[in-house]
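Breakdown of the fold
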Amino acid sequence: MSTDAPRSWSKRSLAAQAMGHVDLQTRAVVAPIHVSTTYIRDPDNQYSSGFVYGRPDNATVREAEAVLAMLEEAQAGALLFSSGMAAATAVFQALDPGDHVVAPTVMYWALRRWLSEEATRWGLEVDFVATDDLDALRAAMRPGRTKLVWIETPSNPLWTVTDIAAVAEIAHAAGARLAVDSTCASPVVTRPLALGADVVMHAATKVLNGHSDVIAGVLAGAAPDAFWTRIQRIRSGQGAILGPFEAYLLLRGLRTLHVRIAAQMAGAADLARRFEAHPSVHAVLYPGLPGHPGHALAARQMQGGFGTMLSIRVAGGAAAAVAAAAAVGLWKRATSLGGVESLIEHRASIEGPGTPCPDDLLRLSVGIEDPDDLYADLDRALSAR
Ligand SMILES: *Cc1c(COP(=O)(O)O)cnc(C)c1O
């Protein structure tokens, strides 16, 4: 592989060409998929290629990691995992028993459940606080014992916005690291490492891949320190690396990230404004609306848009929300987010008891369809009851 990419090219240009790598043997502009699990030793018994075995490392995975590290400007680089959950849990597994962790009340539900049901069994102490309330966060810190603050912004499914720079200061002052689940912002819109975070995590399953055909997760690190080395060892030891075929699909998805996300964010902003005036909707949750509690902060922290996700609260309660989701045609009634096809989901039914999600809420993941069609379809579904 060779690269002729001058550093001055924009991220959009570098992503479109997957860093401009060209295969030296064939001059192919698309990197090959490396499937080998093992590599031949040199006659002097070394591995001069740098590759030894498929579980710690893979050349196709490295290609996708290079794009992700570039997007996040990650000094330590990026590590791809077999899912967003595998990436996120590796961060917590890099801590020690007895360490204290602070995480948000409103966050990706499966990770919240893993933290309260599994991480605690391995000796982590976890407190959930409203991380958008900096006083509440300060009060939850236990200097010397709190080793990690985990935030998600905007966070599922209320799109609460948390001040990354302010939280980084609070965490660091107490001797803790800050990790940010930036899945719903994307590296196009927010760069947590530049704002002081130590680790940024994405479910690459979502907008990074964008085509709902890969489960993948990524971590990007601010510094190649001992904590980052430990995360690397955890991925390799537990065999949590992404497969080469998935890495190839993700790399293909990343080439169109900037144009997809621009179209999706424009669609989300348009729909948020239109549903705000809809008689069957009593609230629209979207950080781009001036009435959203996190709007001013989001306008500072997010560049170029407010994300591709919004939620609506349906007048008439849970039954009306479920009925509306049942009546859509163009929207697809399914979990997940970030893909080119728009998805709608009644979140309270999937999250179950204890969720902070109101039961009249429908989560909307906006794809690249014509926003007029998306509006007309959901308008008809809301009015059909
Ligand atoms: C989907 C998602 C995850 C988990 O990712 P998987 O690839 O499904 O394991 C974590 N955080 C957020 C915000 C997500 O949307």
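Use the structure listed above.
Below you will find a few notes about this structure. Here the structure is a predicted model, which is why all the values come from computation and not from measurement.

Description of the layout of surface pockets
Each pocket or cavity is described by its volume, and for the largest pocket that value is around 430 Å³. Along the wall of the largest pocket there are 27 residues; nearest its centre are Met85, Tyr108, Ala110, Ala203 and Lys206. Elements supplying a minimum of two residues to the lining of the largest pocket: α3 (84–93), α4 (109–117), β4 (146–152), β6 (199–203) and α12 (347–351). Per-element tally for the lining of the largest pocket: the top contributor is α4, with 4 residues.

Focus: the sheet that holds strand β11 (residues 343–346)
Reading across the sheet, the 5 strands line up as β8-β9-β12-β11-β10 and stay open at both edges, with mixed pairing between neighbours. Every interior strand has two partners, whereas the edge strands, β8 (281–285) and β10 (332–333), have only one. Relative to β11, β10 is paired through 2 bridges, and the arrangement is parallel. Bridge pairing links arginine 333 to isoleucine 344 in β11.

Notes on the nonpolar core
Within the largest apolar cluster, 34 residues are counted, with the highest numbers of intra-cluster contacts made by Val67, Leu68, Met70, Leu80, Leu208, Leu250 and Leu254. Counting only elements with at least two residues in this core, the list comes to α1 (11–16), α2 (59–72), β1 (77–81), α8 (244–254), α9 (257–276) and α10 (295–301). Among the elements that take part in this core, α2 stands out by supplying 7 residues, more than any other. Domain assignment of the residues forming this core places at least three in each of domain 1 (53–254) and domain 2 (257–383). Filtering out sequence-adjacent residues up to four positions away, leucine 68 remains in contact with Ala78, Leu80, Leu208, Val218, Leu250 and Leu254. Counting residues in hydrophobic clusters, the runner-up holds 32 residues, among them Ala94, Ala103, Val126 and Phe227.

About the thresholds
Starting afresh in each chain, residues are numbered from 1 along the sequence in its written order. The predicted nature of this model means local features are confined to residues of pLDDT at least 70 and side-chain atom pairs, given and counted, to a pLDDT of 80 or more, with totals for whole chains, interfaces and linings taken over all residues. As a rule here, side-chain values cover all heavy atoms of the structure and leave hydrogens and water aside. Every definition here rests on a 1 Å grid over the protein atoms only: cavities are sets of points where a 1.4 Å probe fits but cannot get out, pockets are open sets enclosed by protein on both sides within 12 Å along at least five of seven lines, and lining residues have some atom within 4 Å of a point. Grid points are joined across faces, edges and corners, and a volume is the space filled by probe spheres set on the points. Put simply, DSSP H or I for four residues or longer makes a helix, DSSP E for two residues or longer makes a strand, and each gets a number counted from the N terminus. Note on pairing: two strands pair once DSSP finds at least 2 bridges between them. Buried Ala, Val, Leu, Ile, Met, Phe, Trp, Tyr and Cys residues form a nonpolar core when they are joined through side-chain atoms within 4.5 Å. Exposed residues in this analysis have more than 50% of their type's maximum accessible area, buried residues have under 20%, and partly exposed residues fall in between, with area computed by a 1.4 Å probe over protein chains only. Domain delimitation follows an automatic or database domain assignment. Here a residue-residue contact requires only that any non-hydrogen atoms of the pair lie within 4.5 Å.

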